[in-house]
Amino acid sequence: ISSQCYQQTSFYLLLQRLSLLQKTSVSIATYYDAQFGVGHNGLFGLNKVNKMIRLKSFYAMKAFGHLYCLGNSASIICDQGVYGCAAINDNEAAVLLVNCCGSEECIKTNISGLFDTNVSVTTYSLDEENNLEAVKFEKISSEKLVLYNTLKENTVVLIKIKKRP
């Protein structure tokens, strides 16, 4: 499996389906197949010099795992073609957005009812160029957050919100 082989394009579909499952009565789901060298949507592959690398699906699972670790699901409503899920604990919240629209979209995210204090917001991108790297950092002093992110086609954004002293 080559890192240039963009069988990795299905990473956003993986997160789309995980987001959709959050709104159902499904209590457990299994991911097949996470073993090394799987030809479709695997987690690991080889680069041009036969060194093991993490594929895009690995980072998709990592993003979803961050929400899972927060412990409490939060309500989220998305427009058609954009999928998402959210989670919260006492000091942190996160929103995962997946653009399956087939085109670049400017996403307006209204977040309310989280914390009544100052927050820091870090946006991470998972796309053809980024492997869940931080692409934007903001310090905001407001109870109601309005965030704008441009999501390219087939892109995932993880927005982490943390309380600040």
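As a reminder, the structure under discussion sits directly above these lines.
Definitions and limits used
Residues numbered from 1 in each chain as written. Predicted model: local features only at pLDDT ≥ 70, side-chain atom pairs only at ≥ 80, totals over all residues. Heavy atoms only, no water. Helix = DSSP H or I, 4+ residues; strand = E, 2+ residues; numbered from the N terminus. Buried < 20%, exposed > 50% of the residue type's maximum accessible area, 1.4 Å probe, protein only. Contact = heavy atoms within 4.5 Å. Areas by Shrake-Rupley, 256 points an atom, 1.4 Å probe, with all protein chains shown as cover. Salt bridge = Lys/Arg side-chain N within 4 Å of Asp/Glu carboxyl O. Core = buried A, V, L, I, M, F, W, Y, C linked by side-chain atoms within 4.5 Å. Pairing = 2+ DSSP bridges. Axes fitted to C-alpha atoms, helices over the stretch in contact; angles between N-to-C directions.

Draft legend 1. Region of interest: the overall build of the chain. Helix and strand content of the chain: two helices and ten strands. Counting from the amino terminus, the chain carries its helices and strands in the arrangement α-β-β-α-β-β-β-β-β-β-β-β. Here the chain holds 165 residues, and 42% of them are scored as buried. The contacts in the chain between residues at least 6 apart in sequence include a share of 62% that link residues at least 24 apart. For the chain, the accessible area works out to roughly 9,400 Å², and carbon and sulfur atoms hold 48% of it.

Draft legend 2. Expanded view of the pattern of salt bridges. The final tally for this structure, using the stated rule, is two salt bridges. As a salt-bridge pair, Lys152 and Asp127 come within 4.0 Å of each other at their nearest N and O atoms. Taken together, the residues Lys152 in the loop between β9 (145–151) and β10 (155–163) and Asp127 in the loop between β7 (119–126) and β8 (131–140) connect sequence positions 25 residues apart. Residue classification places Lys152 among the partly exposed residues on the basis of a relative accessible area of 37%.

Draft legend 3. Structural view of the nonpolar core. Counting 21 residues, the largest nonpolar core has Leu15, Leu67, Leu96, Leu132 and Leu158 as its most contacted members. A per-element tally of this core places helix α2 (residues 56–70) first, with six residues. With residues near it in sequence (within four places) discarded, Leu15 still touches Ala60, Phe64, Leu96, Val98 and Val156. If you look at the next biggest cluster of nonpolar residues, it comprises 19 residues, including Ile111, Val119, Ile140 and Ile159.

Draft legend 4. Structural view of the sheet that holds strand β4 (residues 82–88). Read across the open sheet, the six strands follow the order β3-β4-β5-β10-β7-β8; overall the sheet is antiparallel. Of all strands in the sheet, those with a lone pairing partner are β3 (72–74) and β8, marking the two edges. Taken pair by pair, the neighbouring strands of this sheet meet at an average axis angle of 20°, ignoring direction. Pairing analysis gives eight bridges linking β7 to β10, with the strands arranged antiparallel. Of the residues in β10, the one forming a bridge with Thr122 is Lys160. Along the sheet, α2 makes contact with β3, β4, β5 (92–99), β7, β8 and β10, crossing β5 at roughly 145°.

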